[in-house]
Amino acid sequence: MPKYLLLFAFIVLFYKIGFAQSQSAPNAFAFKVSEPIILDGVLDEEIWGSEGWNENFTQYFPSDTSQAKLKTRIKIAYDDENIYIAAVMYNLEPRKYVSTSLRRDYRGDANDGVTFMFDTFNDKTNAFQFGVNPYGVQREGLVSNGGSKSEDLSLAWDNKWFSEAVIYEDRWQVEAIIPLSTLRYKDGAQNWNVNFYRIDSHEGEKSTWSPIPRQFSVLSLAFNRKLIFEEPLEKNTANISLIPYVASRMSRNFLEGTKEKPTPAIGGDAKIGIGPALNLDLTFNPDFSQVEVDEQVTNLDRFEIFFPERRQFFLENGDLFANFGHPLARPFFSRRIGVDRDENTGQNIQNKIIYGARISGKITDDWRVGMMNMQTASDDEAGISGKNFSVLAVQKKVFARSNIGFIFVDRESLGLDEYQSVFDPNAYNRLIGLEYNLASEDNRWTGKAFYHRTFEKEVGENPGTFNAFVRYNDLHWNGSVNYLDIGESYNPLVGYAPRVDYKRINPDLAYVFFPKSRIINRHGPKIDYEQLFNENLGTTDRDLKFIYEVRFQNLAQVTITQRNRYIYLFKEFDPTRTGGETLPAGTDYNTNTIGVELKSNPRKFFNITLMSEFGQYFTGNIRKIQSEMALRLGYIANISMNFSYNQIRLPEPQADANLLLVGPRIDLTVSKKLFWTTFIQYNNQIDNLNINTRLQWRYATVSDMFIVYTDNYFPGDFMPKQRSLVFKLNYWLNL
């Protein structure tokens, strides 16, 4: 009962924070056209005349108190089928432009580019983003959570749209066509919320059309202005996309002495618009093998590692499902679907998905809904029975930008074959959760409160989880308080909870100085405290960090961290995770470390991120060095190297360890259609050398052919472990 009272109190306490009246601001206008626009980037059509341009961009970086140095002009038109955009980006003098690659979905401060943000439901919470750089390279993505941080932008979402860029001596300009069928919006809409921003590498300037205070993310949707259409938007075009694929795979497992002969596969996805705001996603026999390998890490933690979702089927409106919960207690994690445990080896293996269906989107201005069902296959050799997964997520907007959400997750043991259905009524796992997400209109206050509970046949004590979080972010001061209580029987089998049975308190406080300096842009201290405890053991973890960060005008950064940690081992643990002698359960350790992180100017042809930490580690000491180095040869080639070295020295009977992870990568962009990437990862913690090379040909818009070769070896004698060759061809067809 106290948890429900806390949840109610949190909602009431921040009622006035979340509710505010909108402030007036200049608007943009979209002009209706009757003649088609020729996409060439030249801007010689009559609609692109001198009137109606959106100008007067405001500087966001290095300062937010002046007009942008560089002039930018953007104009929007539309007809019954498309949105048309013209953008002109002026320079102070002739110059070269920076593009890290010709590959779609560029990202980072090093790239010149212009970006268009469309909040089509005026909720200042979710938006579509489209961007173009001077060489015509496109990017598109989805913004969620109000764009409060960089992680709220997902560039994994793909869709069909078209653009051309032209470079002149004093400017570069873009012409773009975005089909209305690509977007979700209210039928008959008279206006959207929009913003535009430009990144210029030569002047080191970020500028936005609607001003955004520099303490917030440039993605922030809280400050968007109105885009008013000359006539209401009607959804006249069909909104059906078919994405069939053909694939073939051959592999060999040298450890088990097995071969997989070339096995062809056919399947595909369909995206069907249900009205202008809802989308039905269907998948049959999906090929969810990743054509890009996950980047390995050295794991010195006691718990499993979280890898992000990359699969296209789960991405659109993915925040509606994935953003429930806390990073340490997620009720739904889509990468659980298609993975099961081999009963013979105890290892997680890929489990074939037979079909999937999902409806997601807006049903009114204030209501979002998502429903998903997926079925996996049985695997008799691995002792795996098929599973059926169902998820329901509902979100109701309240106040200016806040919302209340409900989630239901169900996993049933349901094996399907051509003769019968095998259903085990006792092998289920379910979860119900209620959340309140706070976002004030001025973006200064954000927060979350939720309660989740899991249900199984055998339910232990306290299967629920409660969280309350609030953050304040102003120009100089920012801080937060977070309280998390995970019950001992909380068991989200379709979610992510690396540990249970603890309470966590995590306050932090920071102050930022903005000096008048040509060298330093901002600097300031931060204190971050984390404590984990439970009723039986008392405090099990404590982490106190004193941080000082300096950010320079050229985007370089220096961060110094002093860290004091306390760890109580409630289970035996090998500090090297290499199979050595374990530290006994019931022992505890106090350690102190110093860390330094350096990030160089990302706009240079060579840049580096260097992280170092040294000090005490359990019963001994650790010296850690990590680096990410990148060499850019124009936009044709990127050569990078990830390096991690952990020198661990422990007294007997524990063993010392020198953990090395090296990951060189070569990324060649022959053109905007042809890419070749080779990625090598050597990891002596798991005694593995991985080679992944991938050829990608984008032969049509959002349609690709992949040839992917992957090999794994024992590093010592170069004996092979596993080898595979994958061919895949997909095509995106809009009906």
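To be clear, the structure that these remarks concern was listed above.
Residues numbered from 1 in each chain as written. Predicted model: local features only at pLDDT ≥ 70, side-chain atom pairs only at ≥ 80, totals over all residues. Heavy atoms only, no water.

Peer 1: If you had to explain the overall build of the protein chain to someone new, which residues and values would you point to?
Peer 2: Secondary structure assignment for the protein chain yields three helices and 41 strands. The C-alpha atoms of the protein chain give a radius of gyration of 26 Å, which matches the 27 Å a tight globule of 735 residues would have. In terms of its C-alpha atoms, the protein chain occupies a principal-axis envelope of roughly 80 × 70 × 60 Å. With 735 residues in all, the protein chain has 51% of them scored as buried. At a minimum sequence separation of 6, the contacts of the protein chain that also span at least 24 residues come to 59%. For the protein chain, the exposed surface amounts to about 33,300 Å²; the carbon and sulfur share of it is 56%. Between the mean site of the 81 positive side-chain charges and the mean site of the 89 negative ones, the protein chain shows a separation of 4 Å. (Helix = DSSP H or I, 4+ residues; strand = E, 2+ residues; numbered from the N terminus. Rg over C-alpha atoms; globule rule 2.2 N^0.38 Å. Buried < 20%, exposed > 50% of the residue type's maximum accessible area, 1.4 Å probe, protein only. Contact = heavy atoms within 4.5 Å. Areas by Shrake-Rupley, 256 points an atom, 1.4 Å probe, with all protein chains shown as cover. Lys, Arg positive; Asp, Glu negative; His and termini not counted. Charge placed at Lys NZ, Arg CZ, Asp CG, Glu CD.)

Peer 1: Residue-level account of the pattern of salt bridges, with values.
Peer 2: For the structure on display, the rule yields 33 salt bridges. The salt bridge partner of Arg73 is Glu55, with a shortest N-O separation of 3.0 Å. A residue pair is termed long-range when its members are at least 10 positions apart, and Arg73 in strand E3 (residues 72-78) and Glu55 in the loop between strand E1 (28-32) and strand E2 (58-61) qualify at 18 residues. Looking at Arg73, the relative accessible area reads 14%, which means it is buried. Note that Asp410 is salt-bridged to Arg430, the shortest N-O span being 3.0 Å. Separated by 20 residues along the polypeptide, Asp410 in strand E22 (residues 402-416) and Arg430 in strand E23 (residues 421-439) bring together distant segments of the chain. Linked through salt bridges whose partners overlap, the residues forming this network are Arg95, Asp112, Arg198 and Asp200. (Salt bridge = Lys/Arg side-chain N within 4 Å of Asp/Glu carboxyl O.)

Peer 1: I'd like a rundown of unusual backbone geometry, residues and numbers included.
Peer 2: Outside of glycine, negative phi angles account for most residues, and trans bonds account for most peptide bonds. Here the bond from Phe61 into Pro62 is cis, since omega is 10 degrees, no more than 30 degrees from zero. Assignment of secondary structure puts Pro62 in the loop between E2 and E3. Along the chain, Glu652 connects to Pro653 via a cis peptide bond; the corresponding omega equals 10 degrees. Structurally, Pro653 is set in the loop between strand E35 (637-649) and strand E36 (657-669). Backbone geometry at Phe618 places phi at a positive 50 degrees, although glycine is not the residue there. Looking at where Phe618 falls in the secondary structure, it is placed in the loop between strand E33 (606-617) and strand E34 (620-633). The phi dihedral of Phe718 falls on the positive side, at around 60 degrees, and the residue is not glycine.

Peer 1: Account for the pairing of strand E30 (residues 538-552), naming residues and giving values.
Peer 2: Pairing between strand E29 (residues 520-534) and E30: 14 bridges, direction antiparallel. In the sheet register, Ile520 faces E30, and the bridge partner there is Phe552. The antiparallel pairing of E29 with E30 creates a hairpin that spans three residues between the two strands. Here eleven bridges tie E30 to strand E31 (residues 557-568), and the two strands are oriented antiparallel to one another. Considered in E31, the bridge of Lys545 is made with Arg563. (Pairing = 2+ DSSP bridges.)

Peer 1: Which residues make up the side chain of Asp508, and what values do they have?
Peer 2: Note that Asp508 resides in strand E28 (residues 508-511). Of note is the side chain of Asp508, whose polar atom sits 3.1 Å from the side chain of Arg471. A distance of 2.5 Å separates a polar atom in the side chain of Asp508 from a polar atom in the side chain of Ser480. Setting aside residues no more than four positions away along its own chain, Asp508 makes contact with Arg471, Gly479, Ser480, Lys526, Ile527 and Asp528. (Polar contact = N/O pair within 3.5 Å; in protein donor to acceptor, adjacent residues only side chain to side chain.)

Peer 1: How would you explain a nonpolar patch on the surface if you had to name every residue and give the values?
Peer 2: A cluster of nonpolar side chains, namely Val246, Met250, Ile266, Val670, Leu674, Trp676, Leu695, Trp697, Ile707, Leu725 and Phe727, defines an oily patch on the protein surface of about 920 Å² accessible area. Secondary-structure elements contributing two or more residues to the nonpolar patch are strand E14 (240-253), strand E37 (674-683), strand E38 (688-700) and strand E40 (720-730). Within the secondary structure, Trp697 sits in strand E38. (Patch = residues over 30% accessible without salt bridge, like charges linked within 9 Å, V, L, I, M, F, W, Y side chains within 5 Å.)

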